[in-house]
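Listed below, chain by chain, are the residues.
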Amino acid sequence: MDKKEPIRLQKFLAQCGIASRRKAEEMILQGKVKINGKPAILGDKVTDKDKVFVSGKRVVMPRTKYRYIMLNKPRGFVTTMSDEKGRKCVAELVADVGERVYPIGRLDKDSEGMLVFTNDGEFANKVMHPRNSVYKFYRVTVRPNITEEQLVKLETGVEIDGKKTAPAIVHVLVQDKEANRVVLEMILHEGKNREIRKMCAAVGLEVARLRRTQIGGVKMGMLKQGDWRDLTEKEVKNLLANPIVNGRVI
């Protein structure tokens, strides 16, 4: 529990494993709960500075060891912790982390690259919440060649599933006309299902390969496919950093 963010007493008791929230409310009404020596009432909130007692016994929130993991996801794995169809799951790749972690966001089965896992629900919500506009960088190989008109459409937004996509930043990294392929860097802050593939299809491009290389201010770097590592404290903070200023990467 973060001492700066008070939570309702019944939620605190539930998180401590004392009782369900409803049962905790009954215990409060029955006068069994005290905060700092005073009888608690419904509506009370607590922080980790408060001393909470239930039937005379001190209740302490168990300390969770938060983990923040970066995985280089290979193709062929679905971004889920279990799969009823028996497909390979990313859970297999982080089974030796030592903590139960889950992915923040997802990559589809045929995509690869950077995935972040955590057991910190509040942090995961911050990364995924639209208001924080966390940018994600992708290296996308498309076929055949690309025109200026197609680039403009991708950048300004195209209609998919009845809605127009948010503006994106698109750079041409490699244009091989003889091989009929182009490598793009696409930078988006939306997280819709298979969005890049649908965007490219909407302008007549086929995605041959899609790899996420960066989230916020954190790059995947040289991490090998299928491997994971802990993020540093600085990297955890930088996941929410905005690397885009006036449409340019800084």
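Everything below is about the structure shown above.
Just so you know, these numbers come straight off a predicted model, no measurement behind them.

Q: Is there a simple way to think about the pairing of strand S15 (residues 206–215) in this case?
A: As a general feature of sheets, a regular strand has side chains that alternate between the two faces. Looking at chain direction, strand S9 (residues 112–118) and S15 are connected through 2 bridges and run parallel. The partner of Glu 112 across the bridge, within S15, is Arg 211. Strand direction decides the pairing type here: S15 and strand S16 (residues 218–219), joined by 2 bridges, are antiparallel. Paired with Gln 214 across the bridge in S16 is Lys 219. Hairpin connection, S15 to S16: the antiparallel pair is bridged by 2 residues, and Gly 216 has positive phi, about 55°.

Q: Got a minute to help me understand the packing of aromatic side chains in this structure?
A: Any pair of aromatic rings gets described here by the distance separating the centres and the angle formed by the planes. In the structure shown here, the tally under the stated rule is 1 aromatic pair. Summarising the aromatic geometry, the rings of Tyr 68 and Phe 123 are spaced 5.2 Å apart at their centres and angled 80° between planes, so their arrangement reads as edge-to-face. Note that Tyr 68 is positioned in strand S7 (residues 68–73) and Phe 123 in helix H3 (residues 121–128), a separation of 55 residues in sequence. Across the pair, Phe 123 and Tyr 68 agree in class, each one buried.

Q: Got a minute to help me understand the pattern of salt bridges in this structure?
A: Per the stated rule, a full pass over the model turns up 11 salt bridges. In this structure, Glu 112 engages Arg 75 in a salt bridge whose closest nitrogen and oxygen atoms are separated by 3.1 Å. Of this pair, Glu 112 sits in strand S9 while Arg 75 is found in the loop between S7 and strand S8 (102–104), placing the two residues 37 residues apart along the sequence. By relative accessible area, which is 43% here, Arg 75 ends up partly exposed.

Q: For this particular structure, what's the right way to read the side chain of Lys 73?
A: As for its position among the elements, Lys 73 is in strand S7. Engagement of the side chain of Lys 73 in a polar contact is seen with the backbone oxygen of Asp 108, the distance being 3.2 Å. Looking at Lys 73, its side chain comes within polar contact range of the main-chain oxygen of Ser 111, at 2.6 Å. For Lys 73, the residues in contact, after removing those within four places along its chain, are Thr 79, Val 90, Leu 107, Asp 108, Lys 109, Ser 111, Glu 112, Gly 113 and Leu 115.

Q: Sorry, what's going on with the sheet that holds strand S2 (residues 33–35) here?
A: Two modes of strand pairing occur in sheets, parallel and antiparallel, and in both the strands are linked by backbone hydrogen bonds. Spatially, the 4 strands line up as an open sheet ordered S3-S2-S5-S6, and their pairing is antiparallel. Because the sheet does not close on itself, it has two edges, and the strands there are strand S3 (38–39) and strand S6 (57–59). Of the strand pairs in this sheet, S2 and S3 are connected by 2 bridges, and their pairing is antiparallel. Across the sheet, the residue bridging to Lys 34 is Pro 39, located in S3.

Q: Is there a simple way to think about the environment of Arg 21 in this case?
A: You can see Arg 21 is positioned in helix H2 (residues 21–29). A relative accessible area of 46% places Arg 21 in the partly exposed class. When near neighbours in sequence (up to four residues on either side) are disregarded, Arg 21 contacts Gln 10, Lys 11 and Ala 14.

Q: Sorry, what's going on with the environment of Arg 229 here?
A: Along the chain, the position of Arg 229 falls in strand S17 (residues 228–230). Here Arg 229 falls in the partly exposed class, since its relative accessible area comes to 27%. Separated by 132 residues in the primary sequence, Arg 229 and Val 97 have C-alpha atoms spaced 8.9 Å apart. With residues near it in sequence (within four places) discarded, Arg 229 still touches Tyr 68, Ile 69, Met 70, Lys 219, Leu 223 and Glu 235.

Q: Got a minute to help me understand unusual backbone geometry in this structure?
A: Phi is mostly negative for residues that are not glycine, and the peptide bonds are mostly trans. At the junction of Arg 143 and Pro 144, the peptide bond is cis and its omega measures out at -15° in the coordinates. Of note, Pro 144 is situated in the loop between strand S10 (136–143) and helix H4 (148–156). The phi angle at Asp 161 is positive, at roughly 55°, despite the residue not being glycine. Considering the arrangement of structural elements, one finds Asp 161 in the loop between strand S11 (159–160) and strand S12 (163–164).

Conventions used here
Residues numbered from 1 in each chain as written. Predicted model: local features only at pLDDT ≥ 70, side-chain atom pairs only at ≥ 80, totals over all residues. Heavy atoms only, no water. Pairing = 2+ DSSP bridges. Helix = DSSP H or I, 4+ residues; strand = E, 2+ residues; numbered from the N terminus. Phe/Tyr/Trp six-rings, centres within 6.5 Å; stacked < 30°, edge-to-face > 60°. Buried < 20%, exposed > 50% of the residue type's maximum accessible area, 1.4 Å probe, protein only. Salt bridge = Lys/Arg side-chain N within 4 Å of Asp/Glu carboxyl O. Polar contact = N/O pair within 3.5 Å; in protein donor to acceptor, adjacent residues only side chain to side chain. Contact = heavy atoms within 4.5 Å.

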